Amino acid sequence: MSEPSDTAGRPVVLRGGTVLTVDATRRVLPGHDVLVTGDTITAIGPDLAVPEGTVEIDATGGIVMPGMIDTHRHMWQTAMRGYGADWTLTQYFVWYYLDWGKVFRPQDVYAGNLLSAVEALDAGVTTTVDWSHGLQTTEHADAAVDALQAVAGRFVLAYGNIQDAPAHWTSTPEFRDFVSRRVTDDPMLGFQLAFDVTGDPAFPEKPAFEVARELGVPVTTHAGVWGATGDDGIKLMHDHGFMTPHNIYVHSASLSADSYHRIAATGGSVSVSTESEQSAGQGYPPTWALRAHGIPVSLSMDTSVWWSGDLFTAMRTTLGADRSREHLEAHAKGDTVTHAALRADQVVEWATRGGAKALGREDELGSVEVGKKADLVLVKNDNSPVSFPVLNPHGHIAFQAQRGDVHTVLVNGRIVKRDHRLVDVDLPAVRRTVEETVEHLRSRLGEEAWQQGMNPDVPEAKILDNPYTYTDYQSGSTHGG
C-alpha cells in the first residue's frame, strides 16, 4: 500500500531545485523554489515566503520540470506488458486485430487502463492520451473511463474500435449515448476520436471525420505506418478539408515530402514513438524529416505490450535515432557531422510543452510558469551515484535520468507521488485486477496459442561466406580463397 496523503488542500513548495521552465526561452533557474497554491503555480523564485501550513519538499540537488505528456498510448494493452517483446508490426496486427483483441472484456480494458494510468504517474507522465482502439462496445468504453477516473492524473480518451469501421461505430446510438454521458467539461479528462485512414479512394472514413467535426473534437490517426497507412490517406484528408491544427498524426514515419508539407501547411502535429518505429517497422523515426518541414512534435511510447512506459526512454531513443540518421546521411556523402542539430533541451520540450501544444493546452500545461496548472515533477535520487553532478540539466533529464529517479509528482496541485512512493494507490489491488485479466486471456487462448503468440518464429539467419580463414594466429599467416 502506498503512503496516504495528508496534504490535501494545503499549498506546496518545492525548495531549492534546478527548475527547467521549458518556457519559450527554455530558461534554467538554479536554486529556485516553486510554490503551488490550489491547482496553480503561484510563485517561482529563490527563498520564497510561503503561507503557514505549506507542505515543504526539499528539491536541493534535484531538477524540477513540467509533468511529461504522452500523446499516444494504448493503455488497454498494458496488462499484457512485455508479451510481444519479439513481435513485428505484422504479429501485432494479427494478434490484436484478427485473432485475440476481440476476447478482451470490459474488465480487461479496465485492468490495462488502471495499471497504465498508475504507471504513468509513477514515471512523471502527468497527462496521457489513451489511444483506446479496443472499445468494441460502449461497455468497454465505460470501463476505460472508469479506470482513468480512478487515478489522479490527467487523461484524454481517444475513442477507437479496431473491430469495426469508423463510419459505423461513430454513427451508433450507443456511441452518442456514451458521449452524452461521459464526455463533459472535466479538465482532467479530454476526448478525441481515434481511427486510421486506409487510403481507399472512396474515403470510407469521411463520415467519422464529420462526426468529429460535429462534436468539435480532434482526430488522432496512425499515419505513415509502412504497409498500413500512407500518403493516399493524407491526400484524402487534405482534399476533403479534414486536416486541421487539432489533428495528431501518430508515427508519420514513412510519408513523402508532399505529405509532410500538407501536415505543416494545415498546422497539425506528429506524435513520435521512437521505440516503436525503430522496432516494429513503421519507418525510420521521423524527427529528422519533421524538423526539416517545421512540423511540431510530441512524444509517446505506444504500448507496453512491447516497450517501456516512460518518456525518459522516449527522449533518449529519439535523440539517438535522430543523430544516427544525421550521421548516416553525412557519411553516405563522405561528410562528417561536427555539430548535432537536435539538442537535449529540444526533446525535453517535446516531452512536455510539445505534448501540451498538440492537445491545445499550451496555455495551461507543459511548462513551469506562474499561472499555469501545477503539473510538476521533481527528479531527485539521493541514493543514486547518477544523481550528481548535474552539470547540464536538460542533458541529465534526456540521457541520465530514469523513472526510478522520479521523487515527487504533482498533478493539478495534488501530490500523487512523494519520496519515490505513489500516494493513495493500492498497488496490490491493481496487481490482483491485472492478474485476473492475464488469467482470463491465457485460459481463453489455451497454453499452445499463448506460447506461440509470445514466441513467434525466428527467421533463418544466413551467415555470409568469409573468404578469409585464419589458421595460424601466432605467425599471422592466413589461407584464403
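Quick look at the structure, then. Because the structure is predicted, anything quoted here is derived from the model rather than measured.

### Observations concerning the pattern of salt bridges
Following the criterion strictly, the structure yields 31 salt bridges and no others. Taking the shortest distance from any N to any O, the salt bridge between R81 and E119 comes out at 3.0 Å. Within this pair, whereas R81 is found in the loop between β6 (68-73) and α1 (89-99), its partner E119 is found in helix α2 (residues 106-122), the two being separated by 38 residues in sequence. The exposure class assigned to R81 is partly exposed, which follows from its relative accessible area of 42%. Exposure remark for E119: the relative accessible area of 8% places this residue in the buried category. One salt bridge in this structure joins K380 and D382, with 3.9 Å as the shortest N-O distance. Residues joined by salt bridges that share partners form a network here, namely R26, D345, E349, R353 and E362.

### Here we look at helix α3 (residues 138-149)
Here α3 contains twelve residues, and its C-alpha end-to-end distance of 16 Å stays within 8% of the 16 Å for a straight helix at 1.5 Å per residue. Among the twelve residues of α3, nine are classified as buried, and the element is accordingly described as predominantly covered. In the core, the buried residues of α3 are packed alongside α2, β7 (125-132), β8 (154-159), α5 (173-182) and β9 (189-194).

### Things to note about the side chain of K380
Structurally, the position occupied by K380 is in the loop between β14 (376-379) and α14 (393-400). For K380, a relative accessible area of 6% gives the class buried. From its side chain, K380 meets the backbone oxygen of D58 in a polar contact 2.8 Å long. K380 has contacts with D58, A59, T60, G62, D405, H407 and H420, leaving out every residue within four places of it along the chain.

### Description of the sheet that holds β7
Within the open sheet, the eight strands sit side by side as β6-β7-β8-β9-β10-β11-β12-β13. Their pairing is parallel. If you trace the sheet from one side to the other, it starts and ends with β6 and β13 (297-299), each paired once. Within this sheet the neighbouring strands show an average axis-to-axis angle of 25 degrees, counted without direction. Summarising the sheet, β7 and β8 pair through six bridges and their orientation is parallel. Residue pairing across strands places T128 opposite F155, the latter belonging to β8. Packed onto the sheet, α5 meets β8 and β9 and runs at close to 160 degrees relative to β9. Contacts from helix α11 (residues 311-332) reach β6, β7 and β13 within the one sheet, and its direction differs from that of β6 by about 80 degrees.

### Quick word on the layout of surface pockets
Considered as a void within the structure, the largest pocket measures approximately 620 Å³ in volume. Considering the residues around the largest pocket, the lining is formed by 31 residues, among which F191, G216, V217, P218 and H246 are closest to the centre. Taken together, the elements giving at least two residues each to the lining of the largest pocket come down to β8, β9, α6 (206-215) and α13 (353-358). A per-element tally of the lining of the largest pocket places β9 first, with four residues. Class assignment of the residues belonging to the lining of the largest pocket gives a composition of 16 nonpolar, nine polar and six charged. What the second largest pocket holds in volume is close to 520 Å³. Residue lining of the second largest pocket: 30 residues in total, with Y97, I162, D196, H222 and T229 positioned closest to the centre. Mapped onto the lining of the second largest pocket, the elements with two or more residues apiece are α1 and α4 (166-169). Looking at the lining of the second largest pocket residue by residue, the classes come out as 16 nonpolar, ten polar and four charged.

Cut-offs used in this document
Residues numbered from 1 in each chain as written. Predicted model: local features only at pLDDT ≥ 70, side-chain atom pairs only at ≥ 80, totals over all residues. Heavy atoms only, no water. Salt bridge = Lys/Arg side-chain N within 4 Å of Asp/Glu carboxyl O. Helix = DSSP H or I, 4+ residues; strand = E, 2+ residues; numbered from the N terminus. Buried < 20%, exposed > 50% of the residue type's maximum accessible area, 1.4 Å probe, protein only. Expected span 1.5 Å × (residues − 1). Contact = heavy atoms within 4.5 Å. Polar contact = N/O pair within 3.5 Å; in protein donor to acceptor, adjacent residues only side chain to side chain. Pairing = 2+ DSSP bridges. Axes fitted to C-alpha atoms, helices over the stretch in contact; angles between N-to-C directions. 1 Å grid on protein atoms, 1.4 Å probe; cavity = no way out; pocket = protein on both sides within 12 Å on 5 of 7 lines; lining within 4 Å. Points joined across faces, edges and corners; volume = space filled by probe spheres on them. Nonpolar A, V, L, I, M, F, W, Y, C, P; charged D, E, K, R; others polar.

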